[in-house]
Structure formats: structure tokens, C-alpha cells
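# Per-entry structural report
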Amino acid sequence: MTPEILEIIDLKVDFCLQGKINQAVGGVSLFIRDHETVVLAGESGSGKTVTALSITGILPPNALIAQGKILYRGRDLLTLGEDALSRIRGNQIAYIFQEPGAYLNPVLSIGDQLSETIILHQGLTKEAAREEAAELLALVKIRDPKDIIRSYPHQLSGGMNQRVFLAMALACKPRILIADEPTTSLDVTVEAKMLELLMGLKKEIGFALLFITHNLSIAKKIADRIYVMYRGKIVEEGDQDKILTRPEHAHTKELVAAFEKIGKL
Ligand SMILES: Nc1ncnc2c1ncn2[C@@H]1O[C@H](COP(=O)(O)OP(=O)(O)O)[C@@H](O)[C@H]1O
Ligand SMILES: [Mg+2]
């Protein structure tokens, strides 16, 4: 069996809001093996994003990790200083989010922001970074990288921006890619293409994938294993076949039934 590359042990995260403490994540444990595709599923507000953001310490300032360990290849990320953590973040663990537009810089051309990331992570010269940027855009199946490189985010469609964002995430050659609802804001045909691209790249490059979604039909397409989150806790986990065809927990049964009802499972 492939070893675990990431393991979260009993993670608790609280938010302080208007002087009150609210628990967002209440004791989550999960693991991801090298090269595996793990789906973290669950309804909106169940704590999926907060769990993911905890992994590389990019939680909002009013969040507090109250308990737990996050082991990356055996090292507890929660005990690392900002320097060590920022080397891992971006170099070994990369993210893509639901709204790439919100994370791309509107005043920098696609080429400039890709080059910037490449220079930062690979220490290449400006010219070499520019070439690598075009190669990365080709890798994410952008047909005319030379044109796209000169464009700005607002000139591109949501699907195109998500590809650019993915290219940027892959610039660092990550061992783990965390994708937090990366297709939720895309229309269905663009979503299908994006999933196909992502899974193709995963095979080619060989990263482990933590894919976060509320959508079980995506889980069915891509997951090796599924964790189901509900109100800050993992209520069920298992191979996709077990979760989608023989769910045991009442909440999982409800979710599965809802997707079956609309013919999406
Ligand atoms: N910045 C924040 N301040 C206060 N509470 C937050 C903040 N971000 C998230 N939460 C709370 O944490 C819980 C989990 O949120 P989240 O992880 O975003 O859910 P999901 O990604 O599953 O939709 C929710 O109850 C949400 O209200
Ligand atoms: Mg979320």
C-alpha cells in the first residue's frame, strides 16, 4: 500500500466572531496517500474549506487551530514557523480555489503573473520563466498560449482563468494539489473539460489530489476514497463504491438519495 503523504489528526478549528467562539471544525481526522484522489464531500458550511486552509496555515485571522496535528510526510505542519511553512506551501502543496478571478492579479498580464510564480519557485531567469509560462499554459491545454500570455484576467472566461490558475499551481510541481470546489462556478460542459484536464495532469505529473466538493456526481467521476463532512465532523469515509452505493450514516444516505433523485449518481 502506498504510504500516506498527508495525515490530519483530530483537528479542531474555532472562529472568534463578535467576541463569541464558534467551532467550525470539530475533530477531523483524514489521510491522503501518495497519488491518491481523495474527495472531501459535504454540504455548504460543513467545514471543508476551513479544514483545507488549515493544511498550509492560510486561515482567516479570526480563526484559531485549537487542537490537532497535520502531518506532511511525517512533519507536523502546525509546529513549523512561517518560513518553513511557506517553503512547503507553493512548493509541495498547492491550491486551486472556486473563484480564480479573486486570486489572480487584475493589473498583471497572465504571462507576468505566471513568470513571477515560476521565478519565485524555480529561480529561473526572466526569459526562461517566460518560456516555462508558455509551456505551462500548453500543459493545461490552452491552445494559443502566446496570445493568452499577453492577456489580463478580465479578458478571459471563468474556465480559462481556472486553467491559468491551475498552471500557476503546477508551476511549483506540487506533491499534493488541493482543489476547493474548482468547478463550482463553471458551467457544466466547462466543468467536465476541467475535470478531464485535472485528472489527465494528475496521471501525467503524479500528485495526490484532495478535491473538495458538495457535488457527489463529481466524487463518482474522480474519487478513490471519499470523506463525508457534516457540521464540522467527518461522519463517514470509505472507497467511493462503499460511500455511494452502501452509505451507512444517515447524512450520507440523505446526500446520496438527493443526487440519485436528480439522476446525477
Ligand atoms: N471568516 C470566518 N469567520 C467566522 N466563521 C467562519 C469564517 N469562515 C468560515 N466560518 C464558519 O466555519 C464553518 C465552516 O465553513 P467552511 O469551511 O467555509 O464550509 P464549507 O467549505 O464546507 O462550505 C461555517 O459555519 C462558517 O460559517
Ligand atoms: Mg468551502
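The structure under discussion appears in the preceding block.
From a predicted model like this one, the values you see are computed outputs, not experimental measurements. (Residues numbered from 1 in each chain as written. Chains lettered and ligands numbered in written order. Predicted model: local features only at pLDDT ≥ 70, side-chain atom pairs only at ≥ 80, totals over all residues. Heavy atoms only, no water.)

This part takes up the packing of aromatic side chains. Following the criterion strictly, the structure yields four aromatic pairs and no others. Their ring planes at 15° and their centres at 4.3 Å tell us that Phe 97 and Tyr 103 sit as a pair that is stacked. The class for Tyr 103 is partly exposed, based on a relative accessible area of 49%. By the ring-pair criterion, three or more aromatic residues cluster together here, those being Tyr 95, Phe 97, Tyr 103 and Phe 165. Note that Arg 225 overlies the ring of Phe 31, its terminal NZ or CZ placed 4.1 Å from the centroid. (Phe/Tyr/Trp six-rings, centres within 6.5 Å; stacked < 30°, edge-to-face > 60°. Buried < 20%, exposed > 50% of the residue type's maximum accessible area, 1.4 Å probe, protein only. Lys NZ or Arg CZ within 6 Å of the ring centre and 35° of its normal.)

What follows covers the site of ligand 1. Lining the immediate surroundings of ligand 1 are 13 residues, of which Gly 45, Gly 47, Lys 48, Thr 49 and Val 50 lie closest. In this structure, Gly 45 approaches ligand 1 through a main-chain N or O atom, which is 2.6 Å from an oxygen atom. Interatomic distance of 3.2 Å between a backbone N/O atom of Ser 46 and an oxygen atom of ligand 1. Surface burial for ligand 1 is 64%, taken as the share of its 560 Å² of free accessible area covered by protein chains. Those elements that provide at least two residues to the shell around ligand 1 are strand E1 (4-17) and helix H1 (48-55). Looking at the shell around ligand 1, the element that brings in the most residues is H1, giving three residues. A class-by-class count of the residues in the shell around ligand 1 yields five nonpolar, six polar and two charged. (Near = heavy atom within 4 Å. Polar contact = N/O pair within 3.5 Å; in protein donor to acceptor, adjacent residues only side chain to side chain. Areas by Shrake-Rupley, 256 points an atom, 1.4 Å probe, with all protein chains shown as cover. Helix = DSSP H or I, 4+ residues; strand = E, 2+ residues; numbered from the N terminus. Nonpolar A, V, L, I, M, F, W, Y, C, P; charged D, E, K, R; others polar.)

What follows covers helix H8 (residues 188-205). The terminal C-alpha atoms of H8 lie 25 Å apart, and with 18 residues this matches the ideal 26 Å at 1.5 Å per residue to within 8%. For H8, every residue scored as buried is listed here: Glu 191, Met 194, Leu 195, Leu 197, Leu 198, Leu 201 and Lys 202. Each buried residue of H8 sits inside an arc of 165° when the element is viewed along its axis, so together they form one side. Turned more than 90 degrees away from the buried face of H8, the exposed residues are Thr 189, Lys 193, Glu 196, Lys 203 and Glu 204. The inward-facing, buried residues of H8 abut strand E3 (37-42), helix H5 (126-139), helix H7 (158-170), strand E7 (176-180), strand E8 (208-213) and helix H9 (216-222). Note on H8: the residue one or two positions beyond its end, Gly 206, has a positive phi of about 90°. (Expected span 1.5 Å × (residues − 1). Arc of directions from axis to C-beta. Contact = heavy atoms within 4.5 Å.)

As a further point, take the layout of surface pockets. Considering only enclosed or pocket space, the largest pocket measures out at about 450 Å³ in volume. What lines the largest pocket is a set of 20 residues, and nearest its centre among them are Tyr 95, Thr 117, His 121, Phe 165 and Met 168. At the level of secondary structure, the elements contributing two or more residues to the lining of the largest pocket comprise helix H2 (82-91), strand E6 (93-96), helix H4 (110-122) and H7. The element that contributes the greatest number of residues to the lining of the largest pocket is H4, accounting for five residues. Here the lining of the largest pocket is composed, by residue class, of 13 nonpolar, five polar and two charged. If you trace the second largest pocket, you find it lined by Lys 141, Ile 142, Arg 143, Asp 144, Ser 157, Gly 159, Met 160, Arg 163, Thr 189, Val 190 and Lys 193. Those elements that provide at least two residues to the lining of the second largest pocket are H7 and H8. Residues of the lining of the second largest pocket, tallied by class, amount to three nonpolar, three polar and five charged. (1 Å grid on protein atoms, 1.4 Å probe; cavity = no way out; pocket = protein on both sides within 12 Å on 5 of 7 lines; lining within 4 Å. Points joined across faces, edges and corners; volume = space filled by probe spheres on them.)

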